[in-house]
Amino acid sequence: MAKSTEKYDGFTTAERTAMKDRAKELKSTARRGAKADTESEVLAKIAEMADSDRTLAERLHAIVKESAPTLTSKLWYGMPAYARDGKVLCFFQSAAKFKTRYAVLGFSDEAQLDDGTMWPTYFALTTLTADAETRIAALLKQAVG
C-alpha cells in the first residue's frame, strides 16, 4: 500500500470551506445584528445549488415561510438556515455540500421537538412528496413551539 504524501489535517476541503463561510457570516452578523433577516443571501445561496438540491431547498424555504413565518432566514456554515431570536432552529444541507447521497433537514437544540427521551433531529431528503411536506410543516410548527 503506497503512502500518501498529502498531509491530512483532520478537515476535508468542504469542511474547511464551511468554516470559512461561518467566519464570514459571523463578521456580517456583527455588523447587522444577530436578528437580521438575510433572506436575499439565503435565496442567492439556494440559486447556486445543483438542480436536485435547489428544487428541495426552494420548496423547503417556502414550507418554512408558510409554516413558521416568525423564523428569519440566514446563512449558517454556508447553508440556508432559519432562526428565532438570532439562534438557528433548523437548516438545509445540500447533498452536494459534503458529497453525500441525500440532502438533510436538520434541527438544532433550539427546536421544541422533544418526545420522551429520544427523538430525531436530522432528516434525509431525497424528494418532497405531499406527505413529506405535510410532515415537515408539522415538525416546523412543533419546533417553533
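See the structure above.
Given the structure is predicted, the values throughout are model-derived calculations rather than measurements. (Residues numbered from 1 in each chain as written. Predicted model: local features only at pLDDT ≥ 70, side-chain atom pairs only at ≥ 80, totals over all residues. Heavy atoms only, no water.)

### Some thoughts on the overall build of the chain
Phase 1 of the analysis: Each helix and strand in the chain was counted, giving 4 helices and 5 strands.
Phase 2 of the analysis: Listing the helices and strands of the chain from first to last along the sequence gives α-α-α-β-β-β-β-β-α.
Phase 3 of the analysis: When the 145 residues of the chain are sorted by exposure, 39% land in the buried category.
Phase 4 of the analysis: Here the analysis covers contacts within the chain between residues at least 6 apart in sequence; of these, 50% occur between residues at least 24 apart.
Phase 5 of the analysis: Approximately 9100 Å² of the chain is accessible, and the part contributed by carbon and sulfur atoms is 54%. (Helix = DSSP H or I, 4+ residues; strand = E, 2+ residues; numbered from the N terminus. Buried < 20%, exposed > 50% of the residue type's maximum accessible area, 1.4 Å probe, protein only. Contact = heavy atoms within 4.5 Å. Areas by Shrake-Rupley, 256 points an atom, 1.4 Å probe, with all protein chains shown as cover.)

### Let's talk about the sheet that holds strand β1 (residues 72-76)
Phase 1 of the analysis: Here 5 strands make up an open sheet; going across it, the order is β1-β2-β3-β4-β5 and the pairing antiparallel. On the outer flanks of this sheet lie β1 and β5 (122-125), each paired with one strand and no other. On average, each strand axis in the sheet is inclined to that of its neighbour by 25°, with strand direction left out of account.
Phase 2 of the analysis: For strand β2 (residues 79-84) and strand β3 (residues 87-93), the ladder comprises 4 bridges, and the chain directions are antiparallel. Counterpart to Arg84 in the pairing with β3 is Lys87.
Phase 3 of the analysis: Along the sheet, helix α3 (residues 51-67) contacts β1, β2, β3, β4 (103-107) and β5; its crossing angle with β3, the most-contacted strand, is approximately 150°.
Phase 4 of the analysis: Where helix α4 (residues 130-144) meets the sheet, its contacts fall on β2, β3, β4 and β5, and the angle it forms with β4 comes to roughly 25°. (Pairing = 2+ DSSP bridges. Axes fitted to C-alpha atoms, helices over the stretch in contact; angles between N-to-C directions.)

### Some thoughts on a nonpolar patch on the surface
Phase 1 of the analysis: Together, Phe11, Met19 and Tyr77 line one region of the surface with nonpolar side chains, adding up to about 260 Å² of accessible area.
Phase 2 of the analysis: In this fold, Met19 is placed in helix α1 (residues 13-32).
Phase 3 of the analysis: The class for Met19 is partly exposed, based on a relative accessible area of 36%. (Patch = residues over 30% accessible without salt bridge, like charges linked within 9 Å, V, L, I, M, F, W, Y side chains within 5 Å. Salt bridge = Lys/Arg side-chain N within 4 Å of Asp/Glu carboxyl O.)

### Overview of the packing of helix α2 (residues 39-48) against α3
Packed helices, taken two at a time, are described by the angle between their axes plus the distance between the axes.
Phase 1 of the analysis: Contact geometry for α2 and α3: axes closest at 9 Å, N-to-C directions at 155°. Comparing the axis directions of α2 and α3 gives the class roughly antiparallel. Between α2, through Glu39, Val42, Leu43, Ile46 and Ala47, and α3, the contact on the second element is made entirely by Arg54, Ala57, Glu58, His61 and Lys65.
Phase 2 of the analysis: Split into classes, the residues belonging to the contact of α2 with α3 amount to 5 nonpolar, 1 polar and 4 charged. (Parallel < 35°, antiparallel > 145°, perpendicular 65-115°, else oblique. Nonpolar A, V, L, I, M, F, W, Y, C, P; charged D, E, K, R; others polar.)

### A few points about the nonpolar core
Phase 1 of the analysis: Grouped together as the largest cluster of nonpolar side chains are 28 residues, with contacts concentrated most on Cys90, Phe92, Leu105, Phe107, Leu125, Ile136 and Leu140.
Phase 2 of the analysis: Mapped by element, the contributors of at least two residues to this core are α2, α3, β3, β4, β5 and α4.
Phase 3 of the analysis: With residues up to four places along the chain from it excluded, the contact list for Leu125 reads Leu56, Phe92, Tyr102, Ala103, Val104, Leu105 and Ile136. (Core = buried A, V, L, I, M, F, W, Y, C linked by side-chain atoms within 4.5 Å.)

### Describing the pattern of salt bridges
Phase 1 of the analysis: All told, the structure shown has 4 salt bridges when counted by the stated rule.
Phase 2 of the analysis: For Glu48, the salt bridge goes to Lys45, with nearest N and O atoms at 3.7 Å. Note that Glu48 and Lys45 are positioned in helix α2 at a spacing of 3 residues, about one turn of the helix.
Phase 3 of the analysis: The exposure class assigned to Lys45 is partly exposed, which follows from its relative accessible area of 23%.
Phase 4 of the analysis: Shared partners join several salt bridges into a network, and the residues in it are Arg59, Glu66 and Glu133.

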